[in-house]
Amino acid sequence: MRLIALLLCVLLLFGCAPVDTSSETPAPLLAPSTAPNQTADLIMPPSPTSAEPADEPLSVFDPSEYLLGYIGSSNTFDGRISGHAFLRNAEGTGYPARLYEANAVEDAIADGCAGVMVSENVAKTEIPKLVAAGCKVVAQGDAPGADISLYTDAADYSAEAARAMGEELIARNLRGGVLVMAQAADQAAEAFADSFSERYPQYSVHVQAVPLSEAERAEMIPELAGVYCMIPDAASTWVTTKDAVAKELTPSPTPRTSTPRPSPTPEGAEPTPVPTLAPHVAAGNIVIIATDYTAQNLELLADDDIFAIAARPYFDAAAQGMLLLDRLLRGVQAAERLRLNVPIIKKANISKYQSIVDEALAWMGGE
């Protein structure tokens, strides 16, 4: 019994000895309680704070804050077409826009235009005024000082008109000369003449810078195979004249009662060339190319009175000019000189230009 009691005492003594806890992970500290009976939260390390300031909000470009202007003549065909194109595209992109007459540059500056497009009939000396006022400037034609110039290449489109004329003369089996009606010292007219003569040496070509009377035109028609009218309103006068001459040359349906006696052929005389077509047929089929897609010229083309139209790009220039002003105001770079195409319109592709003219005249008035 004494032995059992002794063993129990030894076990009780060792069971009450303290435990070494030095190798255990210490428990996290507790935050002091801020309210009675509130469970303490764990103290967490503070989150790192950025030393960089918050990003500033990006500015948004608002077209409605920038007034644009088109400066040109409102009483001309090209002015109405260009003005309509400019306003239409400005409206579509959210810009307020106004039209100014060619002599109203100061008005555009006073109104605070941020960007302007100037037509070719605006004096180039006016452009520095616009630039000095802080305007972005897109100009039709070469204009020193403008941010961007839109130009046409006379040699390029004149060569295309020459090719169209020559191929049609051959297709119609016409022989004779080609007359170019142009303003005095017209670079495009000379370019046409040079290109045509090089490609089609079988035809003669002449540049006429002085308007002709009706009698002079009638006298020339039988000798001509084609006329290129670089003066926009000249095509209708040539159509009227060639139709009158063709009618006059048409043989009478009534048979002649007597036959004139032929005169002897002089010795050494060159044989008279046999015309490919009868004179009245040749006169009636003379190939006429007009310039500018005016309402009158489009009507002549639709009625087959003329063969084609050289379409100077008034609408395209103004529309593109407005979009270029948008790029300039947004700080986007663009080439200082941009070339515009001058397409040759034929009856097959008349509808596009007819719709442009119809809409422009509805907006702007005029003919």
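Structural notes, computed from the coordinates. Once a new chain begins, its residue numbering starts again from 1 and follows that chain's sequence as written. This being a predicted model, a pLDDT of at least 70 is required before a residue's local features are given, and a value of 80 or more before pairs of side-chain atoms are given or counted; all residues contribute to the totals for chains, interfaces and linings. Side-chain calculation: all heavy atoms of the structure are included, whereas hydrogens and water are not.

**Comments concerning the pairing of strand β1 (residues 68–71)**
To keep it simple, the criterion reads: Accessible area is worked out with a 1.4 Å probe on protein chains only. A residue is then buried under 20% of its type maximum, exposed over 50%, and partly exposed in between. Each helix corresponds to a stretch of at least 4 residues labelled H or I by DSSP, and each strand to a stretch of at least 2 residues labelled E; elements are numbered beginning at the N terminus. Whether a crossover is right-handed depends on one test, that the path from the first strand over the helix to the second runs clockwise when the strands point away from the viewer. In this analysis, strands are considered paired if DSSP registers two or more bridges between them.
Side chains of β1 alternate between two faces, with Leu68 and Tyr70 and Gly69 and Ile71 buried alike. Tracing the backbone out of β1, into helix α2 (residues 77–93) and back to the parallel element strand β2 (residues 97–100) gives a crossover that is right-handed. Across 4 bridges, the pairing between β1 and strand β3 (residues 115–118) is parallel. If you follow tyrosine 70 over to β3, its bridge partner there is methionine 117.

**Some points on the nonpolar core**
Note the following rule: Side-chain atoms within 4.5 Å are what join buried Ala, Val, Leu, Ile, Met, Phe, Trp, Tyr and Cys residues into a set we call a nonpolar core. Throughout, a residue-residue contact means that at least one pair of heavy atoms, one from each residue, lies within 4.5 Å.
Within the largest apolar cluster, 56 residues are counted, with the highest numbers of intra-cluster contacts made by Ile81, Phe86, Val227, Trp238, Ile288, Tyr293 and Ile306. Among the elements that line this core, the one with the most residues is helix α11 (residues 314–329), at 10 residues. Not counting chain neighbours up to four residues away, the residues in contact with isoleucine 306 comprise Ala235, Val239, Ile288, Ala290, Asn297, Leu300 and Leu301. In terms of nonpolar packing, the next biggest core, distinct from the first, is built from 27 residues, Leu169, Val287, Ile289 and Ile344 among them.

**Here we look at the pattern of salt bridges**
The condition that has to hold: Whenever a carboxyl oxygen of Asp or Glu lies within 4 Å of a side-chain nitrogen of Lys or Arg, that contact is scored as a salt bridge.
Across all of its chains, the model carries 12 salt bridges by this definition. Across the salt bridge formed by glutamate 160 and arginine 163, the nearest N and O atoms sit 3.0 Å from each other. Remark: arginine 163 and glutamate 160 occur in helix α5 (residues 154–171); sequence separation between them is 3 residues, near one turn of the helix. What makes glutamate 160 partly exposed here is its relative accessible area of 33%.

**Here we look at the sheet that holds strand β4 (residues 136–140)**
Hydrogen bonding along the main chain pairs the strands of a sheet, whether they run parallel or antiparallel. This is how the line gets drawn: For helices, the fitted line uses only the C-alpha atoms of the stretch in contact; every axis is such a line through C-alpha atoms, and the angle between N-to-C directions lies from 0 to 180 degrees.
Across the sheet, 6 strands lie side by side as β2-β1-β3-β4-β5-β11; this open sheet has parallel pairing. Edge positions in the open sheet fall to β2 and β11 (337–340), since each of these has one partner strand only. Across this sheet, the average inter-strand angle for adjacent strands is 20°, counted without regard to direction.

**Some remarks on the packing of α5 against helix α6 (residues 187–199)**
What counts is decided by this rule: Working rule for angles: under 35 degrees goes down as roughly parallel, over 145 as roughly antiparallel, 65 to 115 as roughly perpendicular, anything else as oblique. Crossings are assigned a handedness: left-handed for a near helix turned anticlockwise from the far helix by less than a right angle, right-handed for a clockwise turn.
Interaxial distance between α5 and α6 falls to 8 Å at its minimum, and their mutual angle equals 45°. As far as their axial angle goes, α6 and α5 are oblique. Considering how the two elements wind past one another, α5 and α6 form a crossing that is right-handed. Packed against α5, whose contacting residues are Ala154, Ala155, Tyr157, Ser158, Ala159, Ala161, Ala162, Arg163, Met165, Gly166 and Leu169, the element α6 presents Gln187, Ala188, Ala191, Phe192, Ser195, Phe196 and Arg199 at the interface.

**What about the pairing of strand β8 (residues 224–229)?**
Counting buried residues in β8 gives 6 out of 6 residues, a clear majority hidden from the surface. In this sheet, β8 lies alongside strand β6 (residues 177–181) in parallel orientation, the contact comprising 5 bridges. Bridging across to β8, valine 180 finds its partner in tyrosine 228. In this sheet, strand β9 (residues 287–291) lies alongside β8 in parallel orientation, the contact comprising 3 bridges. Bridge pairing links glycine 226 to valine 287 in β9.

**Some points on α6**
Because the α-helix completes a turn every 3.6 residues, residues three or four places apart line up on one side. Applied cut-off: Expected helix span is given by 1.5 Å per residue-to-residue step, counting one fewer step than there are residues. In protein, a polar contact requires one atom able to donate a hydrogen and another able to accept it; more generally it is a pair of N or O atoms within 3.5 Å, and residues adjacent in sequence count only if both atoms are side-chain atoms.
For α6, spanning 13 residues, the distance from its first C-alpha to its last is 19 Å, which sits close to the expected 18 Å at 1.5 Å a residue. Among all positions in α6, only Ala188, Ala189, Ala191, Phe192, Ala193, Ser195 and Phe196 are buried. Residues of α6 that are buried sit in contact with α5, β6, β7 (204–208) and β8. The opening residue of α6 is aspartate 186, an N-cap whose side-chain oxygen sits 2.8 Å from the backbone nitrogen of alanine 188.

**Some thoughts on the environment of isoleucine 127**
Mapped onto the fold, isoleucine 127 is located in helix α4 (residues 127–132). The sequence separation of isoleucine 127 and valine 105 amounts to 22 residues, and the corresponding C-alpha distance is 8.6 Å. Each residue touching isoleucine 127, except ones within four places of it in the same chain, is listed here: Val118, Val137, Ala139, Ala143, Pro144, Gly145 and Ala146.

**Topic: the sheet that holds strand β10 (residues 308–310)**
Spatial ordering of the open sheet is given by β7-β6-β8-β9-β10-β12, a layout of 6 strands whose pairing is mixed. The sheet terminates laterally at β7 and β12 (344–345), the two strands that pair on one side only. With 2 bridges connecting them, β10 and β12 associate as antiparallel partners. Across the sheet, the residue bridging to isoleucine 309 is isoleucine 345, located in β12. The strands that helix α10 (residues 295–302) touches are β9, β10 and β12; relative to β10, the one it contacts most, it runs at about 150°.

**Some points on the packing of α2 against helix α12 (residues 351–364)**
The test is simple: Charged residues are taken to be Asp, Glu, Lys and Arg, nonpolar residues to be Ala, Val, Leu, Ile, Met, Phe, Trp, Tyr, Cys and Pro, and polar residues to be all remaining types, Gly included.
Relative to each other, α2 and α12 sit at 85°, their axes nearing to 9 Å. When the axes of α2 and α12 are compared, the pair comes out roughly perpendicular. Contacts between α2 and α12 involve Phe77, Arg80, Ile81, Gly83, His84, Leu87, Arg88 and Glu91 on the former and, on the latter, Ile356, Val357, Glu359, Ala360, Leu361, Trp363 and Met364. For the contact of α2 with α12, the class distribution of residues is 9 nonpolar, 2 polar and 4 charged.

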